[in-house]
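# Residue-level structural notes
This is what each chain is made of:
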Amino acid sequence: MRECEYSQISTRSSTPMETPYKKRTPKKRKWQLFPGRNKFYCDGRIMMAKQTGVFYLTLVLILATCGLFFTFDCPFLALQLTPVIPVIGGVLFLFVLGSLLRTSFSDPGVLPRATPDEAADLERQIDVANGTTGYRPPPRTKEVVINGQTVKLKYCFTCKIFRPPRASHCSLCDNCVERFDHHCPWVGNCVGRRNYRFFYMFILSLSFLTIFIFSFVITHIILESHRSGFLSALKESPASVLEVVVCFFSVWSIVGLSGFHTYLISSNQTTNEDIKGSWSSKRGKDNYNPYSYGNIVTNCCAALCGPLPPSLIDRRGFIQSGVPQIAPPANGIPMYGSTQSQQSHMVSESENERQPPPLSSSSKAPMVHHHFLTPEEMPSPPGMLPCGSPMGHSPMGHSPTVQAGFYNPASQDSLHEDSVRGLVKLSSV
Amino acid sequence: MLTAATNTQPFDMAETHSLQDMRQQAAIASKVFIQRDYTTGTMCQFQTKLPSDLEARIDKQQFEETVRTLNNLYAEAEKLGSQSFIEGCLACLTAYTVFLCMETHYEKVLKKIAKFIQEQNDKIYAPRGLLLTDPIERGLRVIEVTIFEDRSLTR
């Protein structure tokens, strides 16, 4: 390690990491060593998923359609009907954009991973509960009774925590997210506790905007064709045709999705729970949703106007030297070529330390099997399909490769799979 | 590895040296973690049961009182009252720009909690060789209680 140029005195007495003079390296912020697969911008202020291609498509579609509307249709409508139309359109457009950016850029409610001490403590407790025997221990779950319903809390092998109820691990972002709804590629982020209301506002306002543009472009064409005939009206504003086509296809999916999420909000369920049928009466007579407040109004208020919890990951905080960092993944495979080289350095160092405890090697095999068996570890299908039918439900073999690190060839396949799935979802709309 | 008292102020060199001295005087014997209590749902509550490792150090009533107060404070933060409703509506109308100048209700309560924990540490836990870590620094997963070795017994 490079010796500090100022120092004349040997600094061997202090720990190798510190020098008695000012550190040359600037302090790192926590987002730079974030273990999940998120991308950060603006020095940690903006947080998105790894694959943002579809998000840019969403932006382009909205901006282009609205741009065409304001340029080609609004002048005519403002003159012929009322100037209030472009004003309302403008307000709707700004609201849509604002809520989209807010959904995409905010922390959905990521749960930070356990510190090494916590993880060790939990492992100890689980060992004591299971009994250290030779055979493979069963998947780790904890049962808890909430409002009279028995809920199983699963142990997350990546984050080394028992997931709170309603939390789920997103394998695309590699994070546990509180009140996980789904991972939305159109928005380029997970939808969870902290950004669900923005997501709902986005799809609701987008429904209104789409219907608004659709109806007024049709009005424009009709009024124009009264004056000069249908075909010449079309020739005069070809942009209107494009807008009608885009809006026509969008209306079905977006309005359907808004309706679906309105139902979810009124019954206080997540997309995840609805798809799995966790609280459906088909599972049993006594099966009910323990989180519902009983009436629709309270459920809506809770989801949309409840207190906004702060981000738990403190991404812009500074890293304290000497404070324990998160535990590395338990799969025993060091993360080669991680985007944060310091992280991989830490991981490979601590991997060597973790060889002696039998837990790390014995947990490798059951962990892989655990991932094969539990569908909960699967990424939820995107919420853009009306009625939430899972179309692109990924094959079972996907999850284990996700854990294997960035430049591992197996993970390249998983990334390729993710983008293929993204395309599949695109074509389904 | 320096796993001593974690506070949010960045260390400067003088403080790090004194922390090293402190570490020599008060070595960490172990850490105990108070887990979350999910029986009321997803609301942030912690288990009030005193762990066996702490039985020798602190009175059961005292500890339960601390955790119960913390639970009440977290319940207050997440309460669906009229105040949070008004705040939510105002925020929606101003496109959430109001939070650039105002703190959310939750953040205000978190500050209260931080002060309370500081107070408890100074008055009750530090004299007994214990240290409570604010749960927000552990992602609201656990209350970390650091047990320091009692040097007075070993000397």
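Quick summary incoming for the structure in this document. (Residues numbered from 1 in each chain as written. Chains lettered and ligands numbered in written order. Predicted model: local features only at pLDDT ≥ 70, side-chain atom pairs only at ≥ 80, totals over all residues. Heavy atoms only, no water.)

## As for the overall build of chain A
Just so we agree on the cut-off: Elements are defined by DSSP. Helices are runs of H or I of four residues or more, strands are runs of E of two residues or more, and each kind is numbered from the N terminus. Only protein chains enter the accessibility calculation, which uses a 1.4 Å probe. A residue is then buried if its area is under 20% of the maximum for its type, exposed if over 50%, and partly exposed in between. Contacts are assigned to residue pairs with any non-hydrogen atoms lying within 4.5 Å of each other. To be clear on the numbers: accessible area is Shrake-Rupley with a 1.4 Å probe, and residue cover counts the displayed protein chains and nothing else.
Secondary structure summary: chain A contains 12 helices and 10 strands in total. Here chain A holds 429 residues, and 52% of them are scored as buried. Once local pairs closer than 6 in sequence are excluded, the contacts in chain A between residues at least 24 apart make up 66%. Approximately 20,400 Å² of chain A is accessible, and the part contributed by carbon and sulfur atoms is 64%.

## Notes on the pairing of strand β4 (residues 141–146) of chain A
Heads up, the rule is: Pairing between two strands requires that DSSP report at least two bridges joining them.
Here β4 of chain A runs beside strand β5 (residues 149–156) of chain A; their pairing, made up of six bridges, is antiparallel. Paired with threonine 141 of chain A across the two strands is lysine 154 of chain A, which belongs to β5 of chain A.

## Some remarks on the sheet that holds β5 of chain A
Residues and elements named next belong to chain A. What the three strands build is an open sheet, ordered β4-β5-β6; its pairing is antiparallel. Only two strands of the sheet have a single partner each, and these edge strands are β4 and β6 (161–162). Where β5 and β6 come together, two bridges link them in antiparallel fashion. Bridge pairing in β6 places tyrosine 155 opposite phenylalanine 162.

## Quick word on unusual backbone geometry
Residue and element names in this part refer to chain A. A positive phi angle, near 55°, is found at aspartate 43, a position not held by glycine. Despite not being glycine, lysine 160 has its phi angle at roughly 60°, a positive value. Along the chain, lysine 160 turns up in the loop between β5 and β6.

## Regarding the sheet that holds strand β2 (residues 130–133) of chain B
Two orientations exist for strands paired in a sheet by backbone hydrogen bonds: parallel and antiparallel. Residue and element names in this part refer to chain B. Selection rule: Axis geometry follows a simple rule: fit a line to the C-alpha atoms, using only the stretch in contact for helices, then measure angles between N-to-C directions, giving values from 0 to 180 degrees.
The three strands lie next to each other as β1-β3-β2, forming an open sheet whose pairing is antiparallel. Taken across any chain shown, the strands that pair with only one partner, and hence form the sheet edges, are β1 (28–35) and β2. Taking the axes of each pair of neighbouring strands and ignoring which way they run, one obtains an average angle of 20° across the sheet. Two strands pair when backbone bridges link them, and β1 and strand β3 (residues 142–148) are joined in this way by seven bridges, in the antiparallel orientation. Considered in β3, the bridge of lysine 31 is made with threonine 146.

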